[in-house]
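A structural walkthrough
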Amino acid sequence: MIDAQTSIEDVLPLELIDVSMKATSREEVLEAFAGMFEQAGCLSDRAQFLKDAWWREGEGPTGIGGGIAIPHSKSEGVSKTSLAVARIPEAVEWPSLDDGPCRAFVMFAVRSDDQNQEVHLLSKVAVALCHKEVVETLLTSDDPKTIRCALSGEESNE
Amino acid sequence: MKVVGVCACTAGIAHTYMAREHILEAAKERGDSCFIETQGTIGPEYVLTDEQIADADVVLLAVDVAISGEERFAGKPTVRVGTAKVIKDSRGILDKIQELLDKKNAQ
């Protein structure tokens with residue numbers, strides 16, 4: 001199931017990166033992500049996935065400042081732990097640490113029973129997002145491969 | 001200042017690790033010694049050693065949920081904040097802790 005070298009490509013296939021997502025509200029962003037994950041075969045129960053994503057939204061801001069948000073769903077509706085990335089043309093209101101709107105998103109879909117490599121990779125992505133250059137790439141690059149590379153934290157010194 | 005701490009957020013996937021990263025960067029900036037354990041969904045990582053805890057001046061718990069092993073810090077000055085605060089302003093929090101410690105030591 002999991003080999004010793006789970007890599008970013010396993011959790012973030014290029015089809016899960018959309019630099020021109022059509023969404024004009026937080027609801028639409030989450031719905032669009034649900035659609036992407038479902039299309040990629042990562043969900044067993046889309047409604048449950050969304051329910052758990054909204055639960056997390058209720059627990060505290062998932063906007064981390066600088067126009068970026070990291071919604072996540074740890075859910076029994078997820079069959080394959082994965083990430084998806086999206087950017088929308090105009091920022092939308094989103095509860096954030098800097099109270100600003102968001103226009104770039106990294107969404108984590110985690111199987112509720114997942115305890116392994118994939119989740120570890122996701123945490124590496126979260127850490128990569130702490131760095132300005134990665135955020136810059138996420139906000140400006142139109143190349144999915146470049147975005148994926150930046151998120152894999154390749155420049156991080158951890 | 002010698003800091004040890006634990007980070008633990010609600011879902012245990014992202015904020016836990018981001019909080020750690022921010023605290024470590026702020027500590028590096030300030031020249032503090034700093035060791036931070038995470039208790040995320042995959043279990044404890046970067047687990048603190050007894051020595052690190054014994055040496056520490058202060059314990060920083062950047063947590064949104066209950067953590068395990070809190071008894072390890074008994075008797076140490078402890079600061080508890082949410083992960084969001086730490087992600088937002090780690091430097092400010094460490095500066096404030098320094099202020100409080102200095103006041104305490106001056107008494």
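Residues numbered from 1 in each chain as written. Chains lettered and ligands numbered in written order. Predicted model: local features only at pLDDT ≥ 70, side-chain atom pairs only at ≥ 80, totals over all residues. Heavy atoms only, no water.

A word on the nonpolar core
The cut-off we apply is this: Definition of nonpolar core: a set of buried residues of the types Ala, Val, Leu, Ile, Met, Phe, Trp, Tyr and Cys, connected through side-chain atoms within 4.5 Å. Only protein chains enter the area calculation, which uses a 1.4 Å probe; residues under 20% of their type maximum are buried, those over 50% are exposed, and those in between are partly exposed. Counting from the N terminus, the helices are DSSP H or I runs at least four residues long and the strands are E runs at least two residues long. Pairs of residues are marked as contacts when any of their non-hydrogen atoms sit within 4.5 Å.
In terms of nonpolar packing, the biggest core is built from 81 residues, with F33, F37, V106 and F108 of chain A touching the most fellow members. Top element by residues in this core is strand β6 (residues 102-111) of chain A. It accounts for eight residues. Filtering out sequence-adjacent residues up to four positions away, F108 of chain A remains in contact with I70, P71, H72, S73, S82, L83, L122, V125 and A126 of chain A together with I13 and A14 of chain B.

Focus on the packing of aromatic side chains
Where two aromatic rings form a pair, the distance of their centres and the angle of their planes describe that pair. All names here are of chain A. Stated formally: Here is the rule: rings of Phe, Tyr and Trp (six-membered ring for Trp) pair when centre to centre is within 6.5 Å. Planes less than 30 degrees apart are stacked, more than 60 are edge-to-face, and the remainder are tilted.
A full pass over the atoms with the stated rule returns three aromatic pairs over all chains. When the centroid spacing of 5.5 Å and the interplanar angle of 65° are considered together, the rings of F37 and F49 count as edge-to-face. Residue F37 is found in helix α2 (residues 26-39), and its partner F49 is found in helix α3 (residues 46-59); the two are separated by 12 residues along the sequence. Taking the relative accessible area as the measure of exposure, F49 reaches 0% and is therefore buried.

Side note on the UniProt feature "domain: PTS EIIB type-2" (unreviewed entry) in chain B
Here is the rule: UniProt positions are given in the numbering used here, feature names are shortened, and annotations may be inferred rather than shown by experiment.
Sites flagged by UniProt as "domain: PTS EIIB type-2" (unreviewed entry) map to residues 1-99 of chain B. Secondary structure content for residues 1-99 of chain B is 39% helix and 28% strand, while the C-alpha to C-alpha distance between its ends is 11 Å.

Quick word on the sheet that holds strand β3 (residues 43-45) of chain B
Sheet strands pair by backbone hydrogen bonding; their relative direction is either parallel or antiparallel. Residues and elements named next belong to chain B. For the record, the criterion: Any two strands are treated as partners once DSSP identifies two or more bridges connecting them. Every axis in this analysis is a line fitted to C-alpha atoms, fitted for helices over the stretch in contact. Angles between the N-to-C directions lie between 0 and 180 degrees.
Overall, mixed pairing links the five strands, which are arranged β3-β2-β1-β4-β5 in an open sheet. With one partner strand each, in any of the chains shown, β3 and β5 (78-81) form the two edges of the open sheet. Pairwise comparison of adjacent strand axes, ignoring direction, gives a mean angle of 15° for this sheet. In this structure, strand β2 (residues 33-40) lies alongside β3, joined through three bridges in antiparallel fashion. Each residue of the ladder has a partner; that of Q39, found in β3, is P44. Here helix α1 (residues 15-30) sits on the sheet in contact with β1 (2-8), β2, β3 and β4 (58-63), set at roughly 180° to β2. Contacts between helix α3 (residues 83-106) and the sheet are confined to β1, β4 and β5, with β4 contributing the most and set at about 160° to the helix.

Regarding the state of the cysteines
Residues and elements named next belong to chain B. How we decide: Note on terminology: pairs of cysteine sulfur atoms within 2.5 Å are recorded as disulfides.
Applying the stated criterion to the full structure yields zero disulfides over all chains. Its sulfur unpaired, C7 is 8.7 Å from the next cysteine sulfur, which belongs to C34. Judged by relative accessible area, C7 falls into the buried class, the value being 0%.

Some thoughts on the interface of chain A and chain B
We apply this condition: Summed over both partners, the accessible area (1.4 Å probe) lost when two parts come together is defined as the buried area. When a carboxyl oxygen of Asp or Glu lies within 4 Å of a side-chain nitrogen of Lys or Arg, that pair is called a salt bridge. Any N or O atom pair separated by 3.5 Å or less is treated as a polar contact, with the protein-specific requirement of one donor-capable and one acceptor-capable atom, and with residues adjacent in sequence counted only for side-chain atom pairs. Asp, Glu, Lys and Arg are counted as charged, while Ala, Val, Leu, Ile, Met, Phe, Trp, Tyr, Cys and Pro are counted as nonpolar; the rest, among them Gly, fall into the polar class.
With 25 residues of chain A in contact, the opposing surface of chain B contributes 19 residues. Interface of chain A and chain B: buried area, both sides summed, is about 2,000 Å²; carbon and sulfur atoms make up 65% of it. Taken together, the connections running from chain A to chain B amount to zero salt bridges. At the junction of chain A with chain B, the criterion picks out six residue pairs in polar contact (both at pLDDT 80 or more). Of all the elements in the fold, those that place two or more residues in the side of chain A that touches chain B are α3, β4 (72-75), β6 and α4 (117-128) of chain A. In terms of residues, the side of chain A that touches chain B owes the most to one element, α4 of chain A, which gives six residues. Of the residues assigned to the side of chain A that touches chain B, the class counts are 13 nonpolar, eight polar and four charged.

Regarding the confidence of the model for chain B
Defined as follows: Each residue carries a pLDDT value, the predictor's own confidence for that position, ranging from 0 to 100.
With 100% of its residues at a pLDDT of 70 or more, chain B has an overall mean of 95. The ipTM for the predicted assembly is 0.81, set against a pTM of 0.86.

Comments concerning the side chain of R87 of chain A
Counting through the fold element by element, R87 of chain A comes out in strand β5 (residues 82-92). In terms of polar contacts, R87 of chain A uses its side chain to reach the backbone carbonyl oxygen of S141 of chain A, at 2.7 Å.

Concerning the environment of C9 of chain B
Residues and elements named next belong to chain B. By the element assignment, C9 lies in the loop between β1 and α1. Classification of C9 as buried rests on a relative accessible area of 4%. Along the chain, C9 and S90 lie 81 residues apart, while their C-alpha atoms are 15 Å from each other. Each residue touching C9, except ones within four places of it in the same chain, is listed here: H15, T16, D64, V65 and T83.

Let's talk about the packing of α1 of chain B against α3 of chain B
Residues and elements named next belong to chain B. To keep things clear, this is the line we draw: Our angle categories are set so that under 35 degrees counts as roughly parallel, over 145 as roughly antiparallel, 65 to 115 as roughly perpendicular, and the remainder as oblique. Crossing handedness is read from the near helix: turned anticlockwise from the far helix by less than a right angle, it gives a left-handed crossing, and turned clockwise, a right-handed one.
Viewed as axis vectors pointing N to C, α1 and α3 meet at an angle of 30°, and their least axial separation amounts to 8 Å. The angle between α1 and α3 falls in the class roughly parallel. Judged by the twist between their axes, the crossing of α1 over α3 is right-handed. Packed against α1, whose contacting residues are H15, M18, A19, H22, I23, A26, A27, E29 and R30, the element α3 presents T83, V86, I87, S90, R91, L94, D95 and Q98 at the interface. Taken together, the residues of the contact of α1 with α3 break down into eight nonpolar, five polar and four charged.

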